[in-house]
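If you want the building blocks of each chain, they are given just below.
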Amino acid sequence: MNEEFYLHIYNKQSQIEAVPSNLEIAEWAVSLLNLVYPERLTNPAHTLEEIKGYFSHSEQELLHILQKTKACTTCNHHVIAETFYNELPELFRQMNTDVTATLSGDPAARSEFEIIRTYPGFLAISIYRIAHKLLKMGIPLIPRVLTEYAHSATGIDIHPGAEIGEYLFIDHGTGLVIGETTKIGDHVKLYQNVTLGALSVEKFMANTKRHPTIEDHVIIYSGATILGGDTVIGAHSVIGGNVWLTKSVPSNSTVYHQSAMKVIETKSKI
């Protein structure tokens, strides 16, 4: 390689924003999740004072990550970390609604323990809720690192900017995409390979609502694609598999894709 290439890489180093490693950020979130859900651990046995100490340590870890992130020079990191942990009980309550929705909505789910320990949908939603909280507090970069960690771990891609209500149930989930300006109400059920996305727009429209709104008690089956910021799926609607939607649907609707597939019974040869 020539000297010019080496010089280019050398000069890029001075332009890089200081941010902790993706692994460090993800490990903090996973440790926090393990702390509030000891079901994820093996034989946890801690005293009340030890638990208080672990939460204090977790808060200091977040503060350390925030202080190492130079993208937000005006942020009061101490206040942000303290506020996040003061409001953690409410965040925990929201996560529990997702566990409840999964247990009641999935006939295969045997217990909350099974959901918390094994379900990729639970992991993806929980990490999203942590990331969304940080994003609403004005923290840059870190929320996206967290949801991309969950994306790589589960195959479920939820942008931290999406606004998601309570009692969300993601069944299977692989290939699910929820875009930045998506709004989802309460008691919504999403299957694998669903896309809540945007129509192609110019870059200057980045701050407009580009993704759909899904109202309460909607079920969207696998492979459905719903696009556009003006697209609203009305409450209590059912969107069938492989449906492509760019227009709104009124409440209490059923939308399905009519396949041209035929099944022909053939006689076995003797």
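The coordinates are above.
Only a predicted model underlies this, so the values are computations on that prediction, with no experimental measurement involved.

## Here's the deal with the sheet that holds strand β8 (residues 213-214)
Moving on, step 1. Strands sit in the order β2-β5-β8-β11 across an open sheet of 4 strands; the sheet is parallel. Only two strands of the sheet have a single partner each, and these edge strands are β2 (163-164) and β11 (232-233).
Moving on, step 2. Bridge count for β8 against β11 is 2 bridges, and the pairing is parallel. Bridging across to β11, T213 finds its partner in V232.

## Points about unusual backbone geometry
Moving on, step 1. You will see that L141, though not glycine, has its phi angle at about 65 degrees, which is positive.
Moving on, step 2. One can find L141 in the loop between α7 (120-136) and α8 (142-154).
Moving on, step 3. A positive phi angle is found at N252, which is not glycine, with a value near 60 degrees.
Moving on, step 4. With relative accessibility at 60%, the residue N252 sits in the exposed group.

## With respect to the side chain of E166
Moving on, step 1. Checked against the element boundaries, E166 lands in the loop between β2 and β3 (169-170).
Moving on, step 2. Once residues lying within four places of it in the same chain are set aside, the contact partners of E166 are R93, Q94, T97, D98, R129, G185, D186 and H187.

## Here's the deal with the nonpolar core
Moving on, step 1. W28, F84, I130, L134 and L146 are the most contacted members of the largest nonpolar core, which totals 36 residues.
Moving on, step 2. Broken down by secondary-structure element, the contributors of at least two residues to this core are α2 (22-36), α3 (48-68), α4 (77-86), α5 (88-105), α6 (112-118), α7 and α8.
Moving on, step 3. Core analysis: the next-biggest nonpolar cluster, separate from the first, contains 27 residues, A162, I220, I233 and V243 among them.

Cut-offs used in this document
- Residues numbered from 1 in each chain as written.
- Predicted model: local features only at pLDDT ≥ 70, side-chain atom pairs only at ≥ 80, totals over all residues.
- Heavy atoms only, no water.
- Pairing = 2+ DSSP bridges.
- Helix = DSSP H or I, 4+ residues; strand = E, 2+ residues; numbered from the N terminus.
- Buried < 20%, exposed > 50% of the residue type's maximum accessible area, 1.4 Å probe, protein only.
- Contact = heavy atoms within 4.5 Å.
- Core = buried A, V, L, I, M, F, W, Y, C linked by side-chain atoms within 4.5 Å.

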